[in-house]
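A structural walkthrough
Here's the letter readout for the chains.
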Amino acid sequence: MLILVRGVPGSGKSTYANKTSDLLDYHVEADTYFVRADGVYDFNPNLLKNAHEWCYTKAVSNLMYGAKDRNVYVSNTFTRVWEMQKYIDFAKANNIPFKVVRCTGDYKNVHGVPDSKVKQMLERFEDYEGEEFV
């Protein structure tokens, strides 16, 4: 199953994915692309498109070639429905069950995204019919 986990920074996306997955499951997020070999998060907005393509490729690879009984969690902000659409289209085209989970927690975001930017993201957030709220 594909589980798309969405929400603004600090909403609990990574925590949700980590708490609900098990050892056989796979969890990927675009933020991982920016973690250097020494473990330091080094965000570069110019590479954001690359990060999302990398994330998609990792998810698809695990859905197609990973163990069939594993869940693949993708946790990104996904404020707009179109940002999730290619994952959804892929799942539908390959008869892979999927669900969308929106995290609504209010925690300190670990990447230091300014509150004003988080507010902008909340204002443009689109609903996805049938998504679960946590």
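These numbers come from a predicted model, not from an experiment.

1. Details of helix α3 (residues 82-93)
Between its first and last C-alpha, α3 extends 17 Å over 12 residues, near the 16 Å set by a 1.5 Å rise per residue. All of the buried residues in α3 are M84, Y87, I88, F90 and A91. End-on, the buried residues of α3 take up no more than an arc of 160°, which puts them together on one face. In α3, the exposed residues that point more than 90 degrees away from the buried face are W82, K92 and A93. Structurally, α3 contributes buried residues whose contacts are with β1 (2-6), α2 (48-65), β3 (72-75) and β4 (98-102). Directly beyond the C-terminal end of α3, a positive phi value near 55° is found at N95.

2. Notes on the pairing of β4
Across five bridges, β1 lies against β4 in parallel orientation. The partner of L2 across the bridge, within β4, is F98. When β4 meets strand β5 (residues 132-133), the two strands line up parallel, connected through two bridges. Note that in β5 the partner of R102 across the bridge is F133.

What counts as what
Residues numbered from 1 in each chain as written. Predicted model: local features only at pLDDT ≥ 70, side-chain atom pairs only at ≥ 80, totals over all residues. Heavy atoms only, no water. Helix = DSSP H or I, 4+ residues; strand = E, 2+ residues; numbered from the N terminus. Expected span 1.5 Å × (residues − 1). Buried < 20%, exposed > 50% of the residue type's maximum accessible area, 1.4 Å probe, protein only. Arc of directions from axis to C-beta. Contact = heavy atoms within 4.5 Å. Pairing = 2+ DSSP bridges.

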